[in-house]
Structure formats: C-alpha cells, structure tokens
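A closer look at the structure
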Amino acid sequence: MKSPGILDHAFGAAYAKRLGGLPGAATTALDALRQRARVTLGTDGLPGPKLEEWRFTPLRGLAKIPFIPAASAEDIEVSDVPLSVPKIAGAARIVLVNGVYRPDLSDQDFSGVSVSPLSTKNVDGRELLGHLATPSAAPLVALNTAYMAEGIALHVHGAAKPIHLVSIGASGAEPAAFHPRVLIVAEANSSLTLIETHVGLPGQPYFSNPVTEIVLGSGAAVRRYVEVAEDADAFHLATTAVAVAENATFEAFHLGLGGALVRQETHVAFAGTDATVKLHGAYALSGKSHHDFTTVIDHHVPSCKSNQIFKGVVADDAHGVYQGRIHVARDAQKTDARQLHKALFLNRGPKVDCKPELEIYADDVQCAHGAATGEIDPDHLFYLLSRGIDPERARNLLVEGFLADAVNEISDETVRDVFVGQIAGWLKKRGVQS
Amino acid sequence: MATRETAAAVKDIEQYKYGFVTDIESDRAPKGLSEDIVRFISAKKDEPEWMLEWRLKAYRYWLTLAHEEPTWAKLHYPKIDYQDAYYYAAPKQQIKLDSLDEVDPKLLETYKKLGIPIKEQQILAGVAVDAVFDSVSVATTYKKKLREMGVIFSPISEAVKTHPELVQKYLGSVVPYTDNFFAALNCAVFTDGSFVYIPKGLRCPMELSTYFRINEKNTGQFERTLIIADEGAYVSYLEGCTAPQRDENQLHAAVVELITLDNAEIKYSTVQNWYPGDAQGKGGIYNFVTKRAACRGKNSKVMWTQVETGSAITWKYPSCILQGDGSSGEFYSVAITNNYQQADTGTKMIHLGKNTRSKIISKGISAGHANNTYRGLVRVGAKADDARNYTQCDSLLIGSTCGAHTVPYIETHNPTAQTEHEATTSKISEDQLFYCLQRGMTKEEAVSLIVNGFCREVLQTLPMEFAVEAQKLVGISLEGSVG
C-alpha cells in the first residue's frame, strides 16, 4: 500500500541538498546501498496513518517539522556526555553525537570485539549491512539507509567486554535529524553485553532514526539493554532487525522514559533451531510522551523459544502502545512463543493501545498471549498506607513493583540495578512535579 | 438388498447433509445490479417512497466504494463480480395463508429435510417460526398469539408497511448505510428478514426463530433483521442456516441490528451451517455479515452466541456499542473451519457508558487446509468509568496444514477501566486422544468429544434445542479431518 509521501513537505528535496558528503561517501558499497534506499524512499515516503502498522503512532507532528541534516548544522557543539547518562561499571563506552562516532568522548579499551566506524575502509562483515533491515516495506529503514550518517560496526569474536553505547542528540538553531546505523556481527559461540543510552540536549526538537542490525552466529549470546530517555520534544524512531542462528540466545530489554514520540520496533527472525529470544521492555511515560513498542517475531524453523514481557506506566496525557506479532511458519513445529503486555494508569488522561497478534500455521506449538490494563488497586494502596507508608512512597512502591515483572527479566545484575535506579529517578522527578 | 441400502445410506452421509435443491419456479429480477434493480426490488416489495429513497442513497454510496471492498481480513477469494448475480428471487407463492395446510407441500417437504417440523414445533417447543425461504417469508406462525401480547414479529417487508414509524426510527440507526462496503450493498438490495419489537416490560414468552435458506441458483441473499427490545423487555432470538450444495459461490451479505432500551435484554443465537464448499475448496457460500447491537438504555444487555461451521468465507463481527450506563455485552463464539474454509470472525465491544461490562469467549478450531482468524476490538472511551472487559480466545489446530490466527485490538482511554485478554493456541493432546481410544472410541468420536469439550463454555450458552444441534454439528464439521 502506498502511503502519503509526507516526506516531501518537511525534509525531502531540501534535506538532500544540504546533505553534503556523507561519511564514507567514496565507499562504493555504501553509496550503492544509499542510492537504492533513496529510490524506495521516493516512492513510499513516510508511513501514513492508514497503514495498519502505524495506526496507533501517527507521524503527522514529525512531518510538519523542517528538519535539516544534523551533519550540516555547524552550530552544534557537544563537548561532554550529559550527567543523566548512567555509568556502567566494567563497560567500555562508545559515544555517538547526532549519529557520528566521537573518539574523543569514547573509551578505547575493548576486548573480544572490534569496533570500527562504518566509514572505515575495511570493515569486517560490512557486506551484511542492509541484509536484515531492508528498505522495502520499512519506510524508516529506507530513510535511515538513504541518509545514514556515520555508524559503527561491532564484530564480536569471543567473550567480549561489555560495551556502553551512548547516543546523544542535539539541535542547533534549526531542528536536526540524524540516522545512526549499528551493525553487530556475533561470531559462533561469542558473547556480548551491549547497553545503549539514548539521550538528548534540550532546545529545538531533533529526530533520531537509528537502525540496528544484529547477526548471531550459532551458539552466540547477545544481550542488549536499551534506555531511551530523549528530550521531551524529541522524536526517536528506532528499528532493530535480528537474525538468530541455531542454539543462539538473544536477550533484549527496552526501557522507555520519554521523548515526544518514541517507537522501538524489533524484528526477530529465527534462522536455526533451538534458539531462544527474550524480548522484554518497560515504559514510564508522563507529559505528552508517546511510546510505541512494536515487535515482529518470525518462527521459521522448529524448536525455538520466544518470550516477551512488556509493562508500562502512563501518567498525564501520555500514550502507550504495544503491538506484537508472532508468526509461526508451517515447518516451525515445537515452537514456544509467548507475549504479554500490561499497562497501569496513574491518572485520567493517558491512552493505552495494544494489539498482540498471533499468526500460526503449525499445529504442534505452544503459543499464548495476554494483555491487561488497569489502575493502582486501592486495596494494595490501603495495605501500604495502613502500615504507615506515606501515600507518595506507597504509590511509587506499587509502580516499581508493577514494572519489576519486566525489569527482573534482565539477567545482568549491574544493568538491572541501573535500570531500576532510572525508573526510581523518573518517579522522583514526577513526584516533585505533581 | 440390505447391503445395497447400507451402501446408499453411506453415500448419502458422505454428501453434504443439506445439499439438495427444491424446484420451485421463482420470480426473479434480471441479473446484475443497477438503480433499476433497486427500484425493482422496492416496487416488488410495494414499499413506501422513503424506503426507496433510502435504498437509492445506499446504492449511490456503495458505488463510491467500488474500490474499497475490505481487504484487511485474512481471507483470500477471487474478486466478486457483483454484476454476475441475481439480487431478487422469491418463491411464487404470494397469497396470504390462513393455515399451514395451504402452504405448498414442496416447501413443507423442504422444511422437513431441513429438520424444521413446523407443526411439531408449534405444539412441542413453543417456538414461533418465521421461515424465510429464499427471500420472502412464507409461513409465519404463532403470530396471533404474540400479537395479543404486543410483540411484533413479522417479515421486515411487512413491518415497513404496518409499523413504518418504528422501522423508520430504528432501521439503519445501528448500522448506517455508510458503515461498510457490504452493509451499503445490503441497504440497497435487501429483500427481506425479520422485524421484532418487544414492548415495554414484556418478557417474550417463547423463543423466536428464523431459518434462512438460500435456494435459487446464483441468488445473493441480503437479509435484514431489526430487533428492538423496549424498556425492561427480554427476547431470545434464534437464527439457523443451512444451504443446498452449489458449485458456484454464493454471496451472502446480511445486516442485523439490535437495539436495547433501559433494562432490556436481547439474546441472539446463531448456528451457521451454509454450504462450506467441497473437500477441494470448490464452491461454498461467501458470508459477509454485519451484526451490531446498540445497548442504548441503562443496564441493558446483549448476548451474541454463534456457532459458525459452514461457509467457504466467513467475515463476521457481531458487536456491541455499550452506550447506556451499566449496560453489558457478551460474545460467545465457536468457529470451525475444515478443508479450505476461511473464517475471519470476532467482535467489537465499544464501551461508552459508565460501569459497562463485556465478556468475549471465542473458540476457533481449524483443520485440513483451513484458516481461522479471531479479530476483535475492545475500546474503552474516556468517559467509560469502571468499564470491565474479559476476553479469552483459544485456538485448536488439527493437522499441520491449517492456520489459526488471533488479532485482538485493545484500546483503553480510561484509567478506571480493567481489560484482560488471554489467548492460547494448542492441538489435541496425544494423552487425551489415547485415553478416549483405549476406551473403545473411534478416532473421530474421540476428536468430536474433545472438541466439544473445548467448546463447552460457548455451547452451554445456546438455548437447549440449538445446543443439541450444535453439538452434533461440531462433530460432523470435523469429519475427515483426522485419520
């Protein structure tokens, strides 16, 4: 279905003109990829509201803003990592500012993994770029591929030291857009823990459009923990595509704490048997924040497991969305696939939309999904109050307890503690405001 | 001799049980659809001017939708040529009858084959039958008795003339002609259906029932049913369908509108057993139905129960708009697809009033090469304080070539609302099957028993006489799916 090409209005031709030389412009492979994506983008445009996948997340607000390429805004200066970015003990930091790798702010002591900016001449596995996240039928991937600024490639050889990827967004006098690209190739039996923090500086709205491709070899284990705490006016539309080979394990957790419009879309395709995917997330939204979790899990092969637990808290006029699709192909017998979404309302005003979808073509499978919404149980609150806990703390405890179901799925203790801390911080900030 | 009889009987069973054609000369409109056909139908029905105007408006609107036939459902079928169908066919018999003895014996025999012994029903079951044969209601019984109590139960074409004020007030008020492609088509060319009005405070003493039957070759069936339960009224309405065997696909686009005022309740039960096509997926009915209830009054209630075993294509979403405070909607569904059948069915529960309740229990069973989709929406509006919803949809797959899909939409715009959705997909467990087999059951009996157990929650909500038929149907529909 062709969607309205709203790209033309906001940052179509003008955007391309101001683009200048993209990093790695001379690299033939990159240029060809960009060229193809530009053609797709030209015909498909940005997704309109009539597109089923985008019915809960309209991009009208985004389309109105005349973004310029962040790379061409010379007045942006970021000299330090914001204090809100947590320090992860034992992890090497990589910093991207508006999608561009900043060696001056990044650590260099990696082990078990080679890190190279995409514009580097010889990048291991660069030929895999664009294979998982394909521009056709995914307008935002097309947008990213057409204008991807610098990105990085992580090639994991063995048991790698954890990496903390920090993406900082900032606009100058004009709203800026950037399109970070990350490629992760995990060799057979290698392992990596990747923590990502997406933050931004206040000011003009900015638009972050990251695309991440993750290829897991047989027996590889990748854990990816993403925190999105963008500026209140910022747009963040992220797409992740993952391919999981036999016996590999992919664990992901997404934490959404803010941004004007955030969407985290994850596509997982099982490529080998006996693989496991855990895809969990939580959101805590206030103000006019909109957060959308979209997941598509393709069980093409037998005997794989996938589990999804998403929990969210919404306050003020926020809007939470979860739409997940599990597809079990004819041959994918012995599949075990589960999805759960629960949302908690903190006041009158927010909206929660949920669409957990099962599409099953094999009979010997275990598939289940659940969804529920509600508000804080007055009995629970009363229980805590009657034990002398003050109302605000009691409510916060219940919210933390509610989100804990999802957060506890994080297998890395250090990261779990950090994320619990971030949620507590969100509650504290909110407590002061109300 | 006995052997030959048995052989014949077996052959008979193999055939679609209700696959026969009654040869009655019918009065039909020329093939195709145009304003003239709409006028023809209206004239044939001797309708007042306002009714024709409404039909024409609907027809003109439908024309603007020419390229907007819904495609979002998980259904695959060749493009329907709407000009290649007859839109009106009526049995010749038009004379008003005093008793059943005057009814064409051929018609009566058809009913017998269908298992509708009208006379027996009158005496035993206390069910008033408004039998729709093709498009015109032929025999209406118990009418007098109901009339005495103030119940209006008549063909809608008659109600247009006898109770125009009620029809004009309510027709299209729940499903307007602008609602969707098939509803617009229905508004333009509907031929007949049932009209029920239950007056204030009356609990309808008997279950009302209509048997629909497609008979004429290539005749689209466009039924229109309108049921109004006035304040404090209650009615249980049964709808059952069987259709003769056909090679060509037959289009069926019905509209059912239910309206409940304060404290009223409507229970609407359907057993749908249209011809599903043969084992190769040839033929079968295309069933595109718009069913919707408006719970307008306080504490009013609508309960939909459906057992969908027939049709090649089922596109059907009986819905409830819960407008009145404290109103409630329930939806119980069993959808069985076998061979190449496709069903995309579910419900919509729109919570608008305070303290509204909804419950959805859906059981989908898929066998052979069939695809079975549950598609449902639960929406809680910003003003629907303390709304509650519980949804459970379970799918059962029999064999590895079928598909079962679940597409629920849950949209909550109110903090005090509680919505719950659960869904599972499974197959018949080897243990259960083994347990039955070692007790001497055949595999088919075992499957029928297990599947009946799987559907029990839904079948229990059917009125008794329907429940018995439905249980048998569940077994029959899955014949040949295991082996």
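Positions within a chain are numbered from 1, following the residues in the order the chain's sequence is written. Following the order in which they are written, the chains are lettered starting with A and the ligands numbered starting with 1. For this predicted model, a pLDDT threshold of at least 70 governs which residues receive local features, and a threshold of 80 or more governs which side-chain atom pairs are given and counted, while totals over whole chains, interfaces and linings are taken from all residues.

**So, the overall build of chain B**
Where helices and strands are cited, they refer to DSSP runs of H or I of at least four residues and of E of at least two residues respectively, numbered from the N terminus. Within chain B, the secondary structure is distributed over 12 helices and 24 strands. Excluding contacts between residues fewer than 6 apart, the proportion of contacts in chain B whose partners are at least 24 apart in sequence is 83%. Placing a C-beta atom from the backbone of each residue, one calls two residues in contact when those atoms lie within 7 Å.

**Focus: the overall build of chain A**
The number of helices and strands found in chain A is eight helices and 22 strands. Here chain A has a C-alpha radius of gyration of 21 Å; the compact-globule value for 434 residues is 22 Å, and the two agree. Residues counted as buried form 54% of the 434 residues belonging to chain A. Considering only contacts within chain A whose residues lie at least 6 apart along the sequence, 86% involve residues at least 24 apart. The atom set for the radius of gyration is the C-alpha atoms, and the globule formula is 2.2 Å times the number of residues raised to the power 0.38. Exposure in this text rests on C-beta crowding, where 20 or more other C-beta atoms within 10 Å of a residue's own make it buried, 12 or fewer make it exposed, and counts in between make it partly exposed. The C-beta atoms are placed from the backbone.

**Overview of the interface of chain B and chain A**
Taken together, the contact pairs 29 residues of chain B with 30 residues of chain A. If you list the elements that add at least two residues to the side of chain B that touches chain A, you get strand 22 (388-398), strand 23 (403-412) and strand 24 (418-427) of chain B. By the convention adopted, Pro, Cys, Tyr, Trp, Phe, Met, Ile, Leu, Val and Ala count as nonpolar, Lys, Arg, Asp and Glu as charged, and the other residues, Gly among them, as polar. Grouping the amino acids of the side of chain B that touches chain A by side-chain chemistry returns 11 nonpolar, 14 polar and four charged. At least two DSSP bridges between two strands are needed for those strands to be called paired. For strand 21 (residues 351-360) of chain A and strand 23 of chain B, the ladder comprises six bridges, and the chain directions are antiparallel. Pairing of A:Glu359 across the sheet is with B:His405, part of strand 23 of chain B.

**Observations concerning unusual backbone geometry**
Phi at A:Asn98 takes a positive value of approximately 50°, unusual for a residue other than glycine. Tracing the chain through its elements places A:Asn98 in the loop between strand 2 (92-97) and strand 3 (100-101). Positive phi is not limited to glycine here, since B:Asn355 has a value of about 55°. Residue position: B:Asn355 is located in the loop between strand 19 (348-351) and strand 20 (357-367).

**Thoughts on the pairing of strand 24 of chain B**
As judged from the seven bridges shared by strand 22 (residues 366-375) of chain A and strand 24 of chain B, these two strands associate in the antiparallel manner. Paired with A:Ala368 across the two strands is B:Thr424, which belongs to strand 24 of chain B. Summarising the sheet, strand 22 of chain B and strand 24 of chain B pair through 10 bridges and their orientation is parallel. By the bridge assignment for strand 24 of chain B, B:Leu397 is matched with B:Lys427.

**Overview of helix 5 (residues 139-147) of chain A**
Of all nine residues in helix 5 of chain A, nine are buried; the element is thus mostly enclosed. Within helix 5 of chain A, the full set of buried residues consists of A:Pro139, A:Leu140, A:Val141, A:Ala142, A:Leu143, A:Asn144, A:Thr145, A:Ala146 and A:Tyr147.

**A word on the environment of B:Glu257**
All names here are of chain B. Along the chain, Glu257 turns up in strand 11 (residues 255-260). Overall, Glu257 belongs to the buried group, with 23 C-beta atoms counted inside 10 Å. Non-local contacts of Glu257, meaning those with residues more than four positions away in its chain, are made with Val174, Val175, Leu226 and Arg292.

**Observations regarding the nonpolar core**
Buried Ala, Val, Leu, Ile, Met, Phe, Trp, Tyr and Cys residues form a nonpolar core when they are connected through C-beta atoms within 7 Å. Core analysis: the biggest nonpolar cluster contains 249 residues, and A:Leu216, A:Val244, B:Val196 and B:Val235 have the highest contact counts within it. Setting aside residues no more than four positions away along its own chain, A:Val244 makes contact with A:Leu216, A:Phe250, A:Val268, A:Phe270, A:Ala271, A:Ala275 and A:Val277.

**Some remarks on the packing of helix 3 (residues 49-64) of chain B against helix 9 (residues 181-189) of chain B**
Residue and element names in this part refer to chain B. Interaxial angles span 0 to 180 degrees and are taken between N-to-C directions of axes, which are lines fitted to C-alpha atoms, for helices over the stretch in contact. Across the interface, helix 3 lies against helix 9 with an axial gap of 7 Å and an inter-helix angle of 145°. Helix 9 is crossed by helix 3, and the crossing has left-handed handedness. Mapping the contact onto sequence places Arg55, Ala58, Tyr59, Tyr61 and Trp62 in helix 3 and Ala184, Leu185, Cys187 and Ala188 in helix 9. Within the contact of helix 3 with helix 9, the residues separate by chemical class into eight nonpolar, no polar and one charged. Throughout, a crossing is termed right-handed when the near helix is turned clockwise from the far one, and left-handed when it is turned anticlockwise from it by less than a right angle.

**Observations regarding the pairing of strand 19 (residues 319-328) of chain A**
Residue and element names in this part refer to chain A. Among the 10 residues in strand 19, eight count as buried, and that is most of the element. When strand 17 (residues 290-299) meets strand 19, the two strands line up parallel, connected through 10 bridges. Looking across to strand 19, one finds that His291 is bridged to Gly320. For strand 19 and strand 21, the ladder comprises 10 bridges, and the chain directions are parallel.

**A closer look at helix 12 (residues 464-477) of chain B**
Residue and element names in this part refer to chain B. Expected helix span is computed as 1.5 Å times (number of residues minus one). Here helix 12 contains 14 residues, and its C-alpha end-to-end distance of 20 Å stays within 8% of the 20 Å for a straight helix at 1.5 Å per residue. Along helix 12, the positions that sit buried rather than exposed are Phe466, Ala470, Leu473, Val474 and Ser477. Burial along helix 12 is one-sided: seen end-on, the buried residues are contained in an arc of 105°. For helix 12, the exposed residues set more than 90 degrees away from the buried face come down to Met464, Val468 and Lys472. Along the arc lie the directions from the helix axis toward the C-beta atoms.

**Comments concerning the packing of helix 2 (residues 35-44) of chain B against helix 3 of chain B**
All names here are of chain B. At a closest axis distance of 10 Å, the pairing of helix 2 and helix 3 adopts a crossing angle of 150°. On the basis of the axis angle, helix 2 is roughly antiparallel to helix 3. The crossing of helix 2 and helix 3 is right-handed. Within the contact between the two elements, helix 2 uses Glu35, Val38, Arg39 and Ser42 and helix 3 uses Met51, Leu52, Arg55, Leu56 and Tyr59. In what follows, roughly perpendicular refers to angles from 65 to 115 degrees, roughly parallel to angles under 35, roughly antiparallel to angles over 145, and oblique to any angle outside these ranges.

**Topic: the confidence of the model for chain B**
Where the model shows low pLDDT, its predicted coordinates should not be examined in detail. Residue and element names in this part refer to chain B. When the pLDDT values of chain B are averaged, the result is 82; 79% of them are 70 or greater. Here residues 92-97 is a poorly scored stretch, pLDDT under 50, and it has nine contacts once near neighbours within four places are set aside; other chains count. Predictor confidence is given residue by residue as pLDDT, running from a minimum of 0 to a maximum of 100. Every residue in residues 133-139 scores below 50 in pLDDT, and together they form 37 contacts with partners more than four places removed in sequence or on other chains.

**Some thoughts on the environment of B:Gly480**
Residues and elements named next belong to chain B. In this structure, Gly480 sits in the segment after helix 12. By C-beta crowding, Gly480 is classed as partly exposed, having 13 other C-beta atoms within 10 Å. Along the sequence, Gly480 and Asn339 sit 141 residues apart, while their C-alpha atoms lie 8.9 Å from each other.

**A word on the environment of A:Val185**
Residue and element names in this part refer to chain A. Checked against the element boundaries, Val185 lands in strand 8 (residues 181-186). Through-space distance from the C-alpha of Val185 to that of Trp54 is 30 Å; in sequence the pair is 131 residues apart. Not counting the four nearest positions on each side in its chain, Val185 is found in contact with Asp124, Gly125, Leu128, His155, Val156 and Val215.

**Topic: the confidence of the model for chain A**
Of the residues in chain A, 91% reach a pLDDT of 70 or more, and the chain-wide mean stands at 88. Residue range residues 1-7 of chain A is modelled with pLDDT below 50. Its contacts to residues more than four positions away, or to other chains, number 19 contacts.

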